[in-house]
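# Geometric and topological summary
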Amino acid sequence: TVDEEDVSEEPPPPPPPPPPKLAVPLASRIVVLDLAGNRLGPDATPSSKALSSLKKLRTLNLADNGLETCSGLASLVNLEALFLQKNYLRSADGLWGLSKLSSLDLRDNDIRSVAALRP
């Protein structure tokens, strides 16, 4: 038999180190966001709550996602380029407040009026 004093238990391994903390949250550093072709579907709506943290966002590509509305994008006040082609949009409502927008692609949608883009 083995004497109990001769058996030594190994200490448990140390826990893994915590993930490194970023000095600046990722959302506050994103300048270009390309979500094209994800087929988010007609029930998907760009959420202003989800997008509001993207303060530096200059370019957003939501092309080919099956979106039926572009409301919720008004919080992206620094947006300069927006790609919404190949969706199911019927109006440009929700874009009127994007004063820095200089490039807008709405091809291949079902938009019948761009009145919402007028000041």
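Here goes a summary of the coordinates provided. Remember, predicted model here, so these are calculated numbers, not experimental data.

## Remarks on unusual backbone geometry
A positive phi angle, close to 50°, is found at R39, a residue other than glycine. By the secondary structure assignment, R39 is in the loop between β1 (32-34) and α1 (48-51).

## Some remarks on a nonpolar patch on the surface
Judged by side-chain polarity, L104, V114 and L117 come together as a nonpolar surface patch covering roughly 210 Å² of accessible area. Tracing the sequence through the fold places L104 in strand β4 (residues 103-105).

## Points about the sheet that holds strand β3 (residues 81-83)
The strands making up a sheet associate through hydrogen bonds between their backbones, and the pairing can be parallel or antiparallel. Strand order in this open sheet of four strands is β1-β2-β3-β4, and the pairing throughout is parallel. Since the sheet does not close on itself, it has two edges, and those belong to β1 and β4, each with one partner. For this sheet, the mean inter-axis angle between neighbouring strands, taken without regard to orientation, is 0°. Note that β3 and β4 share three bridges and pair parallel. The partner of F83 across the bridge, within β4, is D105.

Rules used in this analysis
Residues numbered from 1 in each chain as written. Predicted model: local features only at pLDDT ≥ 70, side-chain atom pairs only at ≥ 80, totals over all residues. Heavy atoms only, no water. Helix = DSSP H or I, 4+ residues; strand = E, 2+ residues; numbered from the N terminus. Patch = residues over 30% accessible without salt bridge, like charges linked within 9 Å, V, L, I, M, F, W, Y side chains within 5 Å. Areas by Shrake-Rupley, 256 points an atom, 1.4 Å probe, with all protein chains shown as cover. Salt bridge = Lys/Arg side-chain N within 4 Å of Asp/Glu carboxyl O. Pairing = 2+ DSSP bridges. Axes fitted to C-alpha atoms, helices over the stretch in contact; angles between N-to-C directions.

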